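Analysis of the macromolecular model
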Amino acid sequence: MTKRLYIQDVATRDGFQIEASFVPTNAKIALIDSLSQTGLAKIEVTSFTSPKAIPNLRDAEEVMRGIQRVDGVEYTVLVPNVRGCERALSCDVDEINLVMSASDTHGLANLRMTPEQSLAQFREIIEVTRGSGVFINASLSTTFGCPFEGEVPEARVHELTERLLEIGVQGVTLCDTTGMADPAQVERICRTSLQRWPEAVFTAHFHNTRGMGLANALAALNAGIDRFDASLGGLGGCPYAPGASGNICTEDLVHMFQRMGLETAVKLDTLLEAAATLPDLIGHDVPGAILKAGKSDRRYPKPKWMSETQA
């Protein structure tokens, strides 16, 4: 495979929103500016939701207007409703990301909406964006399983994908919200989605809840997916998966793909420099493996006793 893979970081939205402490606005801007220099295809900057709902992202406008945009990088934001859409459009975002669940129970628990209600709201949001030129993506949570209902029928996932595309959504992110996916399931759903809707832009979004995040990313790759969400340092998580780790780690994903000889356009060393700032920024360690162990081409000095014996 020689085509480019598109790596999309979600740390400053998906990661920061569940942190115990508020990350200062200037620190968010500085981190996003550093990520913009790494070669990432897209950065999910923030969410234009109610400050009462997600106080950690109450500075959405300030962050979006304060970053230094880099050509070739797309800046996307999560939008929960029409009011959030209007706020986002006033900041000249490149993409609006909508979120709904494939599961009735998860949709009600997480969004207080069934999939049907979410679709109705999406129609209103899409109408507001007409003529703006903003790309519309929809993230389909619990694509690979619901923490309340268990298995989500694949036919239901494909039905909702069809309906999203029919109302004007241009891209669909298939989300493993609580890390329930397995590689065989991932490859099957991703392959079918690409075959049925070749005109749509599909992204894979995995969590490492049960340690299968990178394996699932490989399965999606084998199916033909070329866009991947990931989170710097492995930040993120879900309130319905207590004690779980976060999203798959951006630098770990890039390291794996690059070791395989695949093109990501990401400067891994620069990405690792950004990841190294996270523990001080958020006040705790992060799950990322490459940040701890180093890249696999790292070499260590021989044990002292071997040097003495050779002398």
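Residues numbered from 1 in each chain as written. Predicted model: local features only at pLDDT ≥ 70, side-chain atom pairs only at ≥ 80, totals over all residues. Heavy atoms only, no water.

Under the convention used in this document: UniProt positions are given in the numbering used here, feature names are shortened, and annotations may be inferred rather than shown by experiment.
For the protein chain, the name recorded in an unreviewed UniProt entry is Hydroxymethylglutaryl-CoA lyase, with Pseudomonas straminea as its organism. Reading the Sequence similarities (unreviewed entry) entry of the UniProt record for the protein chain gives the comment "Belongs to the HMG-CoA lyase family."

1. Here's the deal with the sheet that holds strand 8 (residues 227-230)
The strands making up a sheet associate through backbone hydrogen bonding, with each pair oriented either parallel or antiparallel. Keep this limit in mind: When DSSP finds two or more bridges between two strands, those strands count as paired. Numbering of helices and strands starts at the N terminus; helices are DSSP runs of H or I of at least 4 residues and strands are runs of E of at least 2. Orientation is described by axes fitted as lines to C-alpha atoms, over the contacting stretch for helices, and by angles from 0 to 180 degrees between their N-to-C directions. Residue contacts are counted whenever heavy atoms from the two residues lie within 4.5 Å of one another.
Read around the closed barrel, the eight strands follow the order 1-2-3-4-5-6-7-8; overall the barrel is parallel. The sheet shows a mean angle of 25° between the axes of neighbouring strands, direction not considered. Contacts from helix 9 (residues 213-223) reach strand 6 (171-176), strand 7 (201-206) and strand 8 within the one sheet, and its direction differs from that of strand 7 by about 160°.

2. Observations concerning the pairing of strand 6
The line we're drawing: A simple rule labels every residue: compare its accessible area, found with a 1.4 Å probe on the protein chains alone, to the largest value its type can have, and call it buried under 20%, exposed over 50%, or partly exposed in between. With the strands pointing away from the viewer, any crossover whose connection runs clockwise from the first strand over the helix to the second is right-handed.
Counting buried residues along strand 6, six of its six residues qualify, which places the element largely inside the surrounding structure. Residues Gly 171, Thr 173 and Cys 175 of strand 6 are buried on one face, and the alternating residues Val 172, Leu 174 and Asp 176, pointing to the opposite face, are buried as well. Crossover connection from strand 5 (residues 135-141) via helix 7 (residues 154-166) to parallel strand 6: handedness right-handed. Across six bridges, strand 6 lies against strand 7 in parallel orientation.

3. Observations concerning the nonpolar core
The test is simple: We call a set of buried Ala, Val, Leu, Ile, Met, Phe, Trp, Tyr and Cys residues a nonpolar core when their side-chain atoms join them within 4.5 Å.
In terms of nonpolar packing, the biggest core is built from 86 residues, with Val 45, Met 64, Ile 96, Phe 228, Leu 232, Leu 253 and Phe 257 touching the most fellow members. Once you skip the residues sitting within four places of it in the chain, Val 45 turns out to touch Thr 12, Arg 13, Ile 32, Val 63, Met 64, Ile 67, Tyr 75, Thr 76 and Val 77.

4. Remarks on the environment of Glu 273
Counting through the fold element by element, Glu 273 comes out in helix 11 (residues 268-275). A relative accessible area of 54% means that Glu 273 is categorised as exposed. C-alpha of Glu 273 to C-alpha of Thr 38: the two residues are 235 residues apart in sequence and 9.8 Å apart in space.

5. Describing the packing of aromatic side chains
Defined as follows: Under the pairing criterion, centres of Phe, Tyr and Trp rings, with the six-membered ring standing for Trp, must be within 6.5 Å; the plane angle then separates stacked pairs below 30 degrees from edge-to-face pairs above 60, leaving the rest tilted. Any Lys NZ or Arg CZ that is within 6 Å of a ring centre and within 35 degrees of that ring's normal is treated as a charge sitting over the ring.
Enumeration over the complete set of coordinates arrives at three aromatic pairs. The ring of Phe 22 carries Arg 58 above its face, with NZ or CZ at 3.9 Å from the centroid. Stacked on the ring of Tyr 6, the Lys or Arg Arg 227 has its end atom at 4.2 Å from the ring centre.

6. Quick word on the side chain of Glu 61
Mapped onto the elements, Glu 61 comes out in helix 3 (residues 60-66). For Glu 61, the contacting residues outside a window of four places in its chain are Phe 48, Arg 87 and Cys 91.

7. Thoughts on the pairing of strand 1 (residues 6-9)
Pairing geometry for strand 1 and strand 8, over four bridges, is parallel. Across the sheet, residue Asp 9 finds its bridge partner in strand 8, namely Ala 230. Of the strand pairs in this sheet, strand 1 and strand 2 (residues 42-47) are connected by two bridges, and their pairing is parallel. Across the sheet, residue Asp 9 finds its bridge partner in strand 2, namely Ile 43.

8. Quick notes on helix 7
Rule in force here: Expected helix span is computed as 1.5 Å times (number of residues minus one).
Across its 13 residues, helix 7 extends 18 Å between first and last C-alpha, which sits within 8% of the 18 Å expected from 1.5 Å per residue. When we look at burial in helix 7, the residues that qualify are Arg 156, Val 157, His 158, Leu 160, Thr 161, Leu 164 and Leu 165. Two residues or fewer after helix 7 comes Gly 168, characterised by a positive phi angle close to 115°.

9. A short note on unusual backbone geometry
A positive phi angle, near 55°, is found at Thr 142, a position not held by glycine. One can find Thr 142 in the loop between strand 5 and helix 7. Thr 142 sits in the buried class, given a relative accessible area of 0%. Of note in the backbone geometry, Ala 265 takes a positive phi value of approximately 65° without being a glycine.

10. So, the environment of Val 99
Mapping Val 99 onto the fold places it in strand 4 (residues 95-101). It is 11 Å that separates the C-alpha atoms of Val 99 and Leu 164, two residues lying 65 residues apart in sequence. Filtering out sequence-adjacent residues up to four positions away, Val 99 remains in contact with Leu 78, Leu 111, Phe 122, Ser 139 and Ser 141.

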